[in-house]
Amino acid sequence: MIEIKDKHFIAEGVYQKCYIHPENENLCIKISKQELSTSRLLYEINYFKKISKKNWKKFDYPFFTKYYGEVVTNLGTGFVYDFITDDTTGEISKTMEYYLLHPDPKITNDMLRKSFEHLKSLMIKHRIIASDIRSKNICCKVLKDQSIQMIIVDGVGHRDFIPIVDWSSFFAKKKIERRLIKHDLHDLEAQRAFLKSLEE
């Protein structure tokens, strides 16, 4: 059994809590806060199991965190994923939402736009769908050359009964773009204004 302590805590969302893996600092463990059968995490896990059949050598990885399976912890069943840290500092990578709300001269709007467009193109190319693609679910990993690489850390997958998006880049593109428009991620200023309104 893996012993998770308070010091391993990273963040908490509506559906789950996330901890640094006590035995591997390159991984994190998600613990569902509700019955797995009704959790969004279940859809994510099932989706990862499905795409694991793809040829990973052809992927422009990483642009989403990879799933490594289940573990037994003192807090219940845990689900293991990549843990995203900046190459420059080794610290936890901040989210796109953070940079939208806390402008950093080193992370310009132009950098965010270019990195996001690259992320979007990779999602379409590899037909990877995110059911909840919000700025808080995208980490901005700062690379050694000070550029950023956007990585989806939560909400990967979809619930389509007929998964035509898994086979067609055309329909995957349409679905991805609809999700981006829904959350204003096609417009950084609109997304920034929306996030600030939530803080008021």
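Relevant structure appears above.
Structure report, in brief. (Residues numbered from 1 in each chain as written. Predicted model: local features only at pLDDT ≥ 70, side-chain atom pairs only at ≥ 80, totals over all residues. Heavy atoms only, no water.)

**Some words on the overall build of the chain**
Step number 1: The helix and strand inventory of the chain stands at five helices and seven strands.
Step number 2: Evaluated residue by residue, the chain yields a buried proportion of 46% over its 200 residues.
Step number 3: Nonlocal contacts in the chain, meaning residues at least 24 apart in sequence, comprise 61% of its contacts between residues at least 6 apart.
Step number 4: As displayed, the chain offers around 11,100 Å² of accessible surface, 52% of which is attributable to carbon and sulfur atoms. (Helix = DSSP H or I, 4+ residues; strand = E, 2+ residues; numbered from the N terminus. Buried < 20%, exposed > 50% of the residue type's maximum accessible area, 1.4 Å probe, protein only. Contact = heavy atoms within 4.5 Å. Areas by Shrake-Rupley, 256 points an atom, 1.4 Å probe, with all protein chains shown as cover.)

**Focus: the sheet that holds strand S4 (residues 67–73)**
Step number 1: Strand order in the open sheet made by the five strands is S1-S2-S3-S5-S4, with antiparallel pairing throughout. With partners counted over all chains shown, the strands left at the sheet margins are strand S1 (9–12) and S4, one partner each. Between one strand and the next, the sheet's axes are offset by a mean angle of 30 degrees, whatever the strand orientation.
Step number 2: Of the pairings in the sheet, the one linking S1 to strand S2 (residues 16–20) comprises three bridges and is antiparallel in character. Looking across to S2, one finds that Ala 11 is bridged to Cys 18. (Pairing = 2+ DSSP bridges. Axes fitted to C-alpha atoms, helices over the stretch in contact; angles between N-to-C directions.)

**Brief notes about the layout of surface pockets**
Step number 1: Reported here for the largest pocket is a volume of approximately 710 Å³.
Step number 2: Surrounding the largest pocket, 27 residues form its lining, Ala 11, Lys 136, Asn 137, Val 153 and Asp 154 being those nearest its centre.
Step number 3: At the level of elements, S1, S2, strand S3 (27–32) and strand S5 (76–82) are the ones that each hand at least two residues to the lining of the largest pocket.
Step number 4: Class assignment for the residues of the lining of the largest pocket results in twelve nonpolar, six polar and nine charged. (1 Å grid on protein atoms, 1.4 Å probe; cavity = no way out; pocket = protein on both sides within 12 Å on 5 of 7 lines; lining within 4 Å. Points joined across faces, edges and corners; volume = space filled by probe spheres on them. Nonpolar A, V, L, I, M, F, W, Y, C, P; charged D, E, K, R; others polar.)

**Considering the packing of aromatic side chains**
Step number 1: Counting across every chain of the model gives seven aromatic pairs.
Step number 2: Ring geometry for Phe 48 against Tyr 67: centres 6.1 Å apart, planes inclined by 35 degrees, an arrangement best described as tilted. With Phe 48 in helix H1 (residues 40–51) and Tyr 67 in strand S4, the pair connects residues that are 19 residues apart, well separated along the chain.
Step number 3: Classification of Tyr 67 by relative accessible area gives buried; the value is 15%.
Step number 4: When the ring of Tyr 98 is compared with that of Tyr 99, the centres are 5.5 Å apart and the planes differ by 85 degrees; the resulting orientation is edge-to-face. (Phe/Tyr/Trp six-rings, centres within 6.5 Å; stacked < 30°, edge-to-face > 60°.)

**Focus: H1**
Step number 1: Across its twelve residues, H1 extends 17 Å between first and last C-alpha, which sits within 8% of the 16 Å expected from 1.5 Å per residue.
Step number 2: Looking only at H1, the buried set comprises Arg 40, Leu 41, Glu 44, Ile 45, Tyr 47, Phe 48 and Ile 51. The arc that holds the buried residues of H1, viewed along the axis, is 160 degrees, so those residues lie on one side.
Step number 3: Buried residues along H1 sit in contact with S2, S3, S4 and S5. (Expected span 1.5 Å × (residues − 1). Arc of directions from axis to C-beta.)

**A few points about the side chain of Asp 86**
Step number 1: Tracing the sequence through the fold places Asp 86 in the loop between S5 and helix H2 (96–101).
Step number 2: No salt bridge is formed by the buried Asp 86; its nearest oppositely charged neighbour, Lys 94, is found at 5.6 Å.
Step number 3: One polar contact links Asp 86 to Ser 93, side chain to side chain, over a distance of 2.7 Å.
Step number 4: For Asp 86, the contacting residues outside a window of four places in its chain are Glu 91, Ser 93, Cys 140, Lys 141 and Val 142. (Lys, Arg positive; Asp, Glu negative; His and termini not counted. Salt bridge = Lys/Arg side-chain N within 4 Å of Asp/Glu carboxyl O. Polar contact = N/O pair within 3.5 Å; in protein donor to acceptor, adjacent residues only side chain to side chain.)

**Notes on the side chain of Thr 65**
Step number 1: Within the secondary structure layout, Thr 65 lies in the loop between H1 and S4.
Step number 2: Residue class for Thr 65 comes out buried when judged on its relative accessible area of 2%.
Step number 3: Once residues lying within four places of it in the same chain are set aside, the contact partners of Thr 65 are Phe 48, Tyr 81, Asp 82, Ile 84, Ile 151, Ile 152 and Val 153.

**Quick notes on the nonpolar core**
Step number 1: Ranked by size, the top nonpolar core spans 36 residues in total, and within it Phe 64, Tyr 81, Met 96, Leu 112, Leu 119, Met 150 and Ile 152 carry the most contacts.
Step number 2: Breaking this core down by element, the ones donating at least two residues are H1, S5, H2, helix H3 (109–126), strand S6 (138–142), strand S7 (148–152) and helix H5 (188–199).
Step number 3: The residues contacting Leu 119, other than those within four sequence positions of it, are Phe 63, Ile 138, Met 150 and Ile 152.
Step number 4: Membership of the second largest hydrophobic core comes to eight residues, among which are Ile 2, Ile 4, Ile 29 and Val 71. (Core = buried A, V, L, I, M, F, W, Y, C linked by side-chain atoms within 4.5 Å.)

**Observations concerning the pattern of salt bridges**
Step number 1: Here the structure, examined in full by the defined rule, presents five salt bridges.
Step number 2: Across the pair Lys 30 and Glu 44 runs a salt bridge whose closest N-O atoms are separated by 3.2 Å. Here Lys 30, found in strand S3, pairs with Glu 44, found in helix H1; they are 14 residues apart in sequence, far enough to count as distant. A single burial state applies to Lys 30 and to Glu 44, both of which are buried.
Step number 3: With its nearest N and O atoms 3.5 Å apart, the salt bridge here joins Lys 30 to Asp 154. Residue Lys 30 is located in strand S3, and its partner Asp 154 is located in the loop between S7 and helix H4 (169–182); the two are separated by 124 residues in the primary sequence.
Step number 4: Three or more residues are tied together by salt bridges with common partners; here these are Lys 30, Glu 44 and Asp 154.

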